Amino acid sequence: MAAVALAVTLALALDSYRLAKSGLTFDEAATVSYARLDIPGLFAALRSSDVFFGAYYGWMHLWMRLGESEAVLRWFSVLCAAGAVIALAFLARRLCDTKAGIAAGVLAAASPLLFDVARQARPYSLLVLMAALSSLAFLGALERPAWPRWAWYAVISAAGCYIHLFLLCLIAAHMLWAVICRRGLYRSGFTWAILVIALSSTPLLVVLHGYPSVNGYIARPTWHALAETWEWFAGSRALVVLTIVLTAALIGTRLSRRQGIFTPPALFLIVTAIAPLLLVFGESWLLKPTYLQRYLVEAWPSYIVALAIALTRRRTLYLVPAGALVLVLQTSAILGTHMNVAQNWRAASEVIFAGERPKDELVVFPAFGMLPYDYYRARLASGETPALRFPRFPPFPLTMTNNDSNKFAIDEGAGAGSADRPSRIWFLVGWTNDPRTGPGLRRLTRALPSGYRLAFERRLVHETVLRFDRIRR
């Protein structure tokens, strides 16, 4: 399909434009930290955090053999986004027709959401691809039931669960749709496929049960969070309104012609677009808050396919290029945001590397901000860098104590004597727009020994570099 090829080209052009302009975010630096570990170290790390993404980190361990620059790290997500454009085009064609398939490919390529996740060295672009392939495999097995097709559905879905466990919510949506529309389906290979997926996902559930405090920063969701998720799916509030208007017009047309509204394909899109969000929302209320927009991208393929179908019904076909243009303009605005507002640990690190002197020391706050600093110290620093004030524990480069008075051990050990104290202490402070950063920074500066003064301050977008010089007497 020439039109789909053009859509893929559009996706590659948009998603790869100035791909390395902004520095790595903290989450991307975490990807590098995990992926650098050997397999035993990775398993040990996943016992404490991020077990959701285990298979992705394993793959990135191999991908990073091509290089560790920002562009190389992000190109894998760009390629996954291009694959998702193709998968969504075929998914829409299977559910409707070729026109819908072309529209889905074009709209996906221009989508702000796919643009956003494609430019991150994180697993969400791959999760979109796996979700689209899982639904495509499911519908293919329904169309021509055979054991190889159900086996392919099981393999794709199980692999997707190891990219992110929440793909199970999409599998649950498939099961719900089968209960509503294909009750006899449970006497086919579908039952065995579900059993294989469930058994293969059990190790993830066992590991997650072992650390209930994981992702403790996630707040309990509100109904407003659901609205924000749909706004993210669409790209803007205006596009949410457009989607509602088109859907209402399509329903009105079908009712005026006395046609059924909830056909099996329509129900499939409704269930797979809404059920994952509601399942995670309910789990976050009843058990443990895990509702994050980026964890729910497995529901987005159904949204974009439904929008493509609504746009290609009869006289609304002309809206496809108009909708694509609106999405491209929205994506362009997001591109500017990415260039100017993204976390810029690279720039902050470069400030320190340009101004350091021998025997300087460095404090990184918050402690996990050490991950991006470590990445840039390894890649950009040409000589000796300031000594860090944190102890080192594998597999991560640092751990902070909970005791504020001894957070840096500045008054102890080799640096206790006034003659041995560093002449200059740098602070690399991340997330300065977070209201929790200010009080933490005040505690950190109070932990400095007496006799230091603030001599340098450089504010970046979300990071600040400070330097305290020892007062000469």
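The structure this text deals with has already been given above.
Residues numbered from 1 in each chain as written. Predicted model: local features only at pLDDT ≥ 70, side-chain atom pairs only at ≥ 80, totals over all residues. Heavy atoms only, no water.

J.: Sorry, what's going on with the overall build of the protein here?
T.: Per the secondary structure count, the protein includes 19 helices and five strands. When the accessible area of the protein is evaluated, it comes to approximately 21,900 Å², of which 62% is carbon and sulfur surface. (Helix = DSSP H or I, 4+ residues; strand = E, 2+ residues; numbered from the N terminus. Areas by Shrake-Rupley, 256 points an atom, 1.4 Å probe, with all protein chains shown as cover.)

J.: How should the nonpolar core be read in this particular structure?
T.: The nonpolar side chains of a soluble globular protein tend to be buried with one another. Core analysis: the largest hydrophobic core is formed by 128 residues, its most contacted members being Tyr56, Phe138, Trp150, Tyr153, Trp300 and Val305. The element best represented in this core is helix H8 (residues 124-143), accounting for 14 residues. Dropping the residues within four chain positions of it, tyrosine 56 is found in contact with Thr31, Phe76, Ser77, Ala121, Arg122, Pro123, Leu126, Tyr162 and Ile163. Ranked by size, the runner-up nonpolar core spans eight residues in total, among them Ile425, Val429, Tyr452 and Phe468. (Core = buried A, V, L, I, M, F, W, Y, C linked by side-chain atoms within 4.5 Å. Buried < 20%, exposed > 50% of the residue type's maximum accessible area, 1.4 Å probe, protein only. Contact = heavy atoms within 4.5 Å.)

J.: Whenever I open this one, the sheet that holds strand E4 (residues 452-459) confuses me. Can you help?
T.: Two strands in a sheet stick together by hydrogen bonds in their backbones, pointing the same way (parallel) or opposite ways (antiparallel). As summarised here, the arrangement of the five strands in space is E2-E1-E3-E5-E4, forming an open sheet in which the pairing is mixed. Looking at strand neighbours, the two that pair on one side only are strand E2 (387-388) and E4, the edges of this open sheet. Relative to strand E5 (residues 463-470), E4 runs antiparallel, the two sharing seven bridges. The partner of arginine 459 across the bridge, within E5, is threonine 464. Sitting on the sheet, helix H17 (residues 345-355) is in contact with strand E1 (361-365), strand E3 (424-430), E4 and E5, with an inclination near 175 degrees to E3. (Pairing = 2+ DSSP bridges. Axes fitted to C-alpha atoms, helices over the stretch in contact; angles between N-to-C directions.)

J.: Looking at this structure, I do not really get the pattern of salt bridges. What am I missing?
T.: Oppositely charged side chains are able to pair whenever their charged atoms sit close together. Per the stated rule, a full pass over the model turns up ten salt bridges. One salt bridge in this structure joins aspartate 27 and arginine 294, with 4.0 Å as the shortest N-O distance. Within this pair, whereas aspartate 27 is found in helix H2 (residues 26-35), its partner arginine 294 is found in the loop between helix H14 (264-286) and helix H15 (300-311), the two being separated by 267 residues in sequence. Overlapping salt bridges, with partners in common, bring together Glu70, Arg346 and Arg379 in one network. (Salt bridge = Lys/Arg side-chain N within 4 Å of Asp/Glu carboxyl O.)

J.: Which parts of the structure should I look at to understand the packing of helix H4 (residues 54-63) against helix H5 (residues 70-95)?
T.: Between two packed helices, the angle of one axis relative to the other and the distance separating the axes together describe the packing. In contact at an axis separation of 10 Å, H4 and H5 are set at 120 degrees when each is read in the N-to-C sense. Taken as axis vectors, H4 and H5 run oblique relative to one another. When the axes of H4 and H5 are compared, the crossing they make is right-handed. In this structure, H4 uses Tyr56, Trp59, Met60 and Trp63 to contact H5, whose residues at the interface are Val72, Leu73, Trp75, Phe76, Ser77 and Leu79. A per-class count over the contact of H4 with H5 returns nine nonpolar, one polar and no charged. (Parallel < 35°, antiparallel > 145°, perpendicular 65-115°, else oblique. Left-handed = near helix turned anticlockwise from the far one by under 90°. Nonpolar A, V, L, I, M, F, W, Y, C, P; charged D, E, K, R; others polar.)

J.: When you look at the environment of proline 301 in this model, what are you seeing that I'm missing?
T.: As for its position among the elements, proline 301 is in helix H15. Taking the C-alpha atoms as reference points, proline 301 and alanine 87, 214 residues apart in sequence, are found 9.2 Å from one another. Excluding anything up to four places from it in sequence, proline 301 contacts Leu88, Val128, Ala131 and Ala132.

J.: What am I meant to see in helix H10 (residues 167-181) here?
T.: Helix length check: H10, at 15 residues, gives a terminal C-alpha distance of 21 Å against a target of 21 Å (1.5 Å per residue), a fit within 8%. Looking only at H10, the buried set comprises Leu167, Cys169, Leu170, Ile171, Ala173, His174, Trp177 and Ala178. (Expected span 1.5 Å × (residues − 1).)

J.: Just to check I follow, could you spell out a nonpolar patch on the surface for this structure?
T.: A cluster of nonpolar side chains, namely Trp223, Phe262, Ile270, Ile274 and Leu278, defines an oily patch on the protein surface of about 550 Å² accessible area. Assignment of secondary structure puts phenylalanine 262 in the loop between helix H13 (237-256) and H14. Taking relative accessible area as the criterion, phenylalanine 262 reaches 59% and is therefore assigned exposed. (Patch = residues over 30% accessible without salt bridge, like charges linked within 9 Å, V, L, I, M, F, W, Y side chains within 5 Å.)

J.: Help me out: how do you make sense of the state of the cysteines in this one?
T.: Here a disulfide denotes one covalent bond, and it connects the sulfur atoms of two cysteines. In the structure shown here, the tally under the stated rule is zero disulfides. Lacking any disulfide linkage, cysteine 169 is separated from the closest cysteine sulfur, that of cysteine 161, by 9.2 Å. (Disulfide = S-S within 2.5 Å.)

J.: Help me out: how do you make sense of the packing of aromatic side chains in this one?
T.: Each pair of aromatic rings is reported with the distance of its centres and the angle of its planes. Across all of its chains, the model carries 30 aromatic pairs by this definition. Arranged with centres 6.0 Å apart and planes meeting at 65 degrees, the rings of tryptophan 426 and phenylalanine 456 form a pair that is edge-to-face. A residue pair is termed long-range when its members are at least 10 positions apart, and tryptophan 426 in strand E3 and phenylalanine 456 in strand E4 qualify at 30 residues. We classify phenylalanine 456 as partly exposed; its relative accessible area is 27%. Pairwise contacts between aromatic rings join Tyr34, Phe53, Tyr56, Tyr57, Trp59, Trp63, Phe76, Tyr124, Phe166 and Tyr295 into one cluster. (Phe/Tyr/Trp six-rings, centres within 6.5 Å; stacked < 30°, edge-to-face > 60°.)

J.: Honestly, the pairing of E3 in this entry has me stumped. Any pointers?
T.: Consecutive side chains along a regular strand alternate between the two faces of the sheet. For E3, the tally of buried residues reaches seven of seven residues, placing the bulk of the element in the interior. The side-chain alternation of E3 yields two buried faces, one formed by Arg424, Trp426, Leu428 and Gly430 and the other by Ile425, Phe427 and Val429. Looking at chain direction, E1 and E3 are connected through five bridges and run parallel. Residue pairing in the sheet places valine 363 in a bridge with phenylalanine 427 of E3.

J.: Explain the side chain of glutamate 298 here, please?
T.: Relative to the helices and strands, glutamate 298 resides in the loop between H14 and H15. No salt bridge is formed by the buried glutamate 298, whose closest oppositely charged neighbour, arginine 294, lies at an N-O distance of 11 Å. Other than its neighbours up to four places away in sequence, glutamate 298 contacts Leu127, Ala131, Phe166, Leu167, Cys169, Leu170 and Pro276. (Lys, Arg positive; Asp, Glu negative; His and termini not counted.)

J.: Whenever I open this one, unusual backbone geometry confuses me. Can you help?
T.: The backbone of arginine 18 shows a phi angle near 50 degrees, a positive value even though the residue is not glycine. As for its position among the elements, arginine 18 is in the loop between helix H1 (2-16) and H2. Within the chain, lysine 359 stands out as a residue other than glycine whose phi angle is a positive 70 degrees. With respect to the helices and strands, the residue lysine 359 is situated in the loop between H17 and E1.

J.: What's the story with the environment of isoleucine 218 in this structure? I'm lost.
T.: As for its position among the elements, isoleucine 218 is in the loop between helix H11 (189-210) and helix H12 (223-234). By relative accessible area, which is 8% here, isoleucine 218 ends up buried. Sequence separation between isoleucine 218 and proline 289 is 71 residues, and the spatial gap between their C-alpha atoms is 5.9 Å. When residues no more than four places from it in sequence are discounted, the contact partners of isoleucine 218 are Pro289, Thr290, Tyr291, Leu292 and Tyr295.

J.: Is there a simple way to think about the packing of H2 against H4 in this case?
T.: Packing of H2 against H4 brings their axes to within 8 Å, and their N-to-C directions diverge by 75 degrees. Considering the angle they form, H2 stands roughly perpendicular to H4. Residue-level contacts link Thr31, Tyr34 and Ala35 of H2 to Tyr56, Tyr57, Met60 and His61 of H4. Among the residues forming the contact of H2 with H4, the class breakdown is five nonpolar, two polar and no charged.

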